[in-house]
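Single-letter residue listing:
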Amino acid sequence: MPANLAAMRSIFEQLIPKAPELIVFPEAALTGYFLEGAVYELALDAPTMAARIDEQWRAAGATKPCEIVVGFYENAAGTFHNSAIAVRCGDPDGVHIAHVHRKMFLPSYGVFDEERFLTRGRRLGTFASPFGTAAILICEDAWHAIMPTIAALKGAQLIIVPSASPGRGLCGEEELESNTRWKAILSSAAAEHGVYVLYAGLTGFEGGKGMSGGTCAFSPRGDLLASAGPLESCIITVELDRREVDLARATIPLLGDLSAVLPDLWLDEDIPVTRRLEETS
Amino acid sequence: MTLPLLEAPLDEPSLAINAALAARWLEAFLCDEMLVRRGIGKAVLGLSGGIDSALVAYLCARALGPENVYAIRLPYRTSSASSLSDAQRIVDALGVHVETIEITDAVDGYLKHAPDADARRKGNAMARMRMLVLFDQSARRGALPVGTGNKTERLMGYFTWHADDTPPVNPIGDLYKTQVWALARHLGVPNEVVDKPPSADLEANQTDEGDLGISYAKADRILNLILLGYKDDAIVARGCAPSDVLLVRRRVDATHWKRHLPTTALVSATAINEFYLRPVDL
């Protein structure tokens with residue numbers, strides 16, 4: 001953790017001359033992903049995590065505030081979550097936690113075993129970011145099409161996806177099949193809802209599993225704005241313009257259409273959630 | 001009017017690999033797991049003259065630099081002469097360090113106390129002696145032993161437990177044999193090594209495919225489908241012979257134990273790897 005905090009500070013030092021307004025780090029960025037039982041040793045509470053990030057931002061010589069999103073294992077009074085925190089760093093009034101998202105879909109199949117060690121989040125919230133309303137989806141959260149849909153319905157214009165994705169599939173043309181799958185999912189979410197999508201992928205091998213990196217950004221039209229290669233540790237900078245969100249939604253108003261039709265869909269008694277409620281009533 | 005009928009073939013997940021991508025990935029694996037995680041930048045491996053260890057030598061040389069790779073030839077008196085010369089081709093091509101350490105005296109020193117040992121036991125003694133030497137050479141050189149077992153032999157149980165499978169890192173253990181061939185060709189492993197029939201070279205005229213009773217091409221296809229969850233009838237429907245499917249499935253089902261650490265009696269709530277779960281060093 002100390003070495004990774006130092007690495008975070010050096011990234012800040014590199015970025016500060018560019019005056020960034022938002023910085024996104026991957027899932028489990030300071031500890032690595034496959035911790036299993038060590039989650040209980042390395043998890044931090046949100047205020048401590050926020051303070052550590054803010055310390056690095058200030059120590060790097062920042063003179064302006066910046067919103068910084070970092071994935072981390074959260075100890076919430078003895079309940080452990082795979083979370084991502086959005087921290088307003090370098091503010092004269094002190095450190096401010098803008099949002100904590102607790103991963104809702106904990107993969108527990110194949111190589112994954114999150115639910116054995118962690119408790120899932122219960123709410124998909126949004127928050128005010130420097131680029132308008134934003135939501136955070138952690139890794140598998142974003143694989144469920146309903147998640148970016150709900151985020152967009154709740155007003156998100158920007159979806160931030162910290163991720164730790166073990167790369168797999170060597171048949172790909174240019175990149176791993178898992179990276180290709182990710183890009184398709186992210187592009188589709190961006191284009192359907194007219195939202196920016198920022199994806200930060202962890203890199204490095206953990207017990208043979210190579211975190212596939214592939215950090216990338218998509219425009220509200222679903223176009224790939226920039227992408228790192230698999231395993232590539234790098235910084236990607238992107239300029240976001242909220243007017244692009246308006247233009248994309250005006251051109252293809254799928255989100256508006258969905259808002260109108262959603263009540264009919266939601267009240268369908270064949271949807272399992274409705275049935276479950278009825279069964280328990 | 002008769003419309004053209006487009007009939008989709010049965011879906012079958014491919015075994016093809018993007019060899020350039022695979023090479024980059026496995027080189028990054030070696031750098032990360034050896035240098036970054038363990039702080040060891042030197043590799044030691046047993047170079048048999050076969051394709052698996054040849055491929056690992058190429059990957060190590062690319063990842064760590066040939067000056068940091070120690071290839072050890074470990075012949076027994078019955079080993080074929082071509083194994084030694086094929087290993088030399090790889091050494092010459094890569095410029096890695098090489099040493100030849102005969103295991104005959106050490107193996108025969110034990111076997112003279114085991115006059116009833118059959119070919120299988122003798123082969124196991126050779127394999128375990130090779131690993132003993134390899135680990136000692138790793139201690140001598142401050143180098144990490146690198147494994148050379150491929151996915152096909154791991155799944156078929158075609159290896160000596162606690163011998164071929166012991167090195168702490170293995171870049172090719174998730175590659176089927178046919179994928180090993182593809183990657184080796186891409187990296188320029190000499191044709192003499194790539195094209196010769198694979199052999200454990202524990203006995204005269206031994207070949208892997210003879211021992212296994214099936215070609216690697218057929219075995220890999222069946223293994224791939226079994227691991228993806230296909231039932232036997234679905235595999236046969238894709239053109240595999242029922243007898244081949246049976247042979248492969250029996251070997252896989254009877255060798256799960258070889259792919260695990262020893263079975264330890266659990267008596268506490270802190271049993272290692274059962275309750276106390278720490279997959280990597282912190």
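Given the structure is predicted, the values throughout are model-derived calculations rather than measurements. (Residues numbered from 1 in each chain as written. Chains lettered and ligands numbered in written order. Predicted model: local features only at pLDDT ≥ 70, side-chain atom pairs only at ≥ 80, totals over all residues.)

## Re the overall build of chain B
And then number 1: When helices and strands are counted, chain B shows 12 helices and four strands.
And then number 2: For 282 residues, the compact-globule formula gives about 19 Å, and the C-alpha radius of gyration of chain B, at 21 Å, lands near that figure.
And then number 3: Taking the principal axes of its C-alpha atoms as reference, chain B extends roughly 80 × 50 × 45 Å.
And then number 4: Of the contacts made within chain B by residues no fewer than 6 positions apart, 71% connect residues no fewer than 24 positions apart. (Helix = DSSP H or I, 4+ residues; strand = E, 2+ residues; numbered from the N terminus. Rg over C-alpha atoms; globule rule 2.2 N^0.38 Å. Contact = placed C-beta atoms within 7 Å.)

## Quick word on the overall build of chain A
And then number 1: When helices and strands are tallied, chain A shows nine helices and 12 strands.
And then number 2: Here chain A has a C-alpha radius of gyration of 19 Å; the compact-globule value for 281 residues is 19 Å, and the two agree.
And then number 3: Based on the C-alpha atoms only, the size of chain A along its principal axes is roughly 55 × 45 × 45 Å.
And then number 4: When each of the 281 residues of chain A is scored for burial, the buried share is 42%.
And then number 5: Look at the contacts in chain A between residues 6 or more apart in sequence, and 65% of them connect residues 24 or more apart. (Buried ≥ 20, exposed ≤ 12 C-beta atoms within 10 Å, placed from the backbone.)

## Some points on the packing of helix α10 (residues 216-227) of chain B against helix α12 (residues 242-253) of chain B
All names here are of chain B.
And then number 1: Two numbers describe how α10 lies on α12: the axes approach to 10 Å, and their chain directions differ by 65 degrees. When the axes of α10 and α12 are compared, the crossing they make is right-handed. Along the contact surface, α10 presents Lys 218, Ala 219, Ile 222, Leu 223 and Ile 226, while α12 presents Asp 244, Val 245, Val 248, Arg 249 and Val 252.
And then number 2: Across the contact of α10 with α12, the residue classes tally to seven nonpolar, no polar and three charged. (Axes fitted to C-alpha atoms, helices over the stretch in contact; angles between N-to-C directions. Left-handed = near helix turned anticlockwise from the far one by under 90°. Nonpolar A, V, L, I, M, F, W, Y, C, P; charged D, E, K, R; others polar.)

## Considerations on unusual backbone geometry
And then number 1: Despite not being glycine, Ala 28 of chain A shows a phi value in the positive range, around 50 degrees.
And then number 2: Its location among the elements puts Ala 28 of chain A in the loop between β1 (22-24) and α2 (39-42).
And then number 3: Taking the C-beta count within 10 Å as the criterion, Ala 28 of chain A has 27 such neighbours and is therefore assigned buried.
And then number 4: The phi torsion at Asn 273 of chain B lies on the positive side, around 70 degrees, for a residue other than glycine.
And then number 5: Among the secondary structure elements, Asn 273 of chain B is positioned in the segment after α12.
And then number 6: Under the C-beta neighbour-count criterion, Asn 273 of chain B is labelled partly exposed, with 13 such atoms within 10 Å.

## A closer look at the confidence of the model for chain B
Do not read the fine detail of predicted coordinates wherever pLDDT is low.
And then number 1: Averaged over all residues, the pLDDT of chain B is 95; the fraction at 70 or higher stands at 100%.
And then number 2: Scoring of the predicted complex yields 0.93 for pTM and 0.90 for ipTM. (pLDDT = per-residue confidence, 0-100.)

## Here we look at the environment of Ala 151 of chain A
And then number 1: Looking at the secondary structure, you find Ala 151 of chain A in helix α5 (residues 146-153).
And then number 2: Of the residues examined, Ala 151 of chain A has 27 C-beta atoms within 10 Å and is grouped as buried.

## A few points about the sheet that holds strand β2 (residues 69-73) of chain B
All names here are of chain B.
And then number 1: Here we have four strands laid out as an open sheet, ordered β3-β2-β1-β4, and parallel in their pairing. Looking at strand neighbours, the two that pair on one side only are β3 (97-100) and β4 (144-145), the edges of this open sheet.
And then number 2: Here strand β1 (residues 43-46) pairs with β4 via two bridges, running parallel. From the neighbouring strand, Ala 43 faces β4, where its bridge partner is Leu 144. (Pairing = 2+ DSSP bridges.)

## What about the sheet that holds strand β8 (residues 196-201) of chain A?
All names here are of chain A.
And then number 1: Strand order across the open sheet formed by six strands is β5-β6-β7-β8-β11-β12, with mixed pairing between neighbours. With partners counted over all chains shown, the strands left at the sheet margins are β5 (127-129) and β12 (224-227), one partner each. Strand-to-strand twist in this sheet, taken as the mean axis angle between neighbours without regard to direction, amounts to 25 degrees.
And then number 2: As paired strands, strand β6 (residues 132-136) and strand β7 (residues 158-163) are joined by three bridges and run parallel to one another. Bridge pairing links Ala 134 to Leu 158 in β7.

## Observations concerning the nonpolar core
And then number 1: Ranked by internal contacts, the top residues of the largest apolar core, which has 72 residues, are Ala 43, Leu 55, Ala 57 and Cys 60 of chain B.
And then number 2: Top element by residues in this core is helix α2 (residues 51-64) of chain B. It accounts for 11 residues. (Core = buried A, V, L, I, M, F, W, Y, C linked by C-beta atoms within 7 Å.)

## Considering helix α5 (residues 119-141) of chain B
All names here are of chain B.
And then number 1: Its 23 residues place the ends of α5 33 Å apart at the C-alpha level, agreeing with the 33 Å of an ideal helix rising 1.5 Å per residue.
And then number 2: Within the sequence span of α5, burial applies to Ala 125, Met 126, Ala 127, Met 129, Arg 130, Met 131, Leu 134 and Ser 138.
And then number 3: Summarising the contacts, the buried residues of α5 are in contact with β1, β2, α4 (104-111) and β4.
And then number 4: Just downstream of α5 lies Gly 142, where phi reads positive at about 60 degrees. (Expected span 1.5 Å × (residues − 1).)

## Some words on helix α3 (residues 81-94) of chain B
All names here are of chain B.
And then number 1: Counted at 1.5 Å a residue, the expected span for α3 with its 14 residues is 20 Å, and the 21 Å between its end C-alpha atoms agrees.
And then number 2: Those residues of α3 that fall on the buried side of the exposure criterion are Asp 86, Ala 87, Ile 90 and Leu 94. The buried residues of α3 occupy an angular sector of 100 degrees when the element is viewed end-on, so they sit on one face. More than 90 degrees from the buried face of α3, the exposed residues found are Ala 81, Ser 85 and Asp 92. (Arc of directions from axis to C-beta.)

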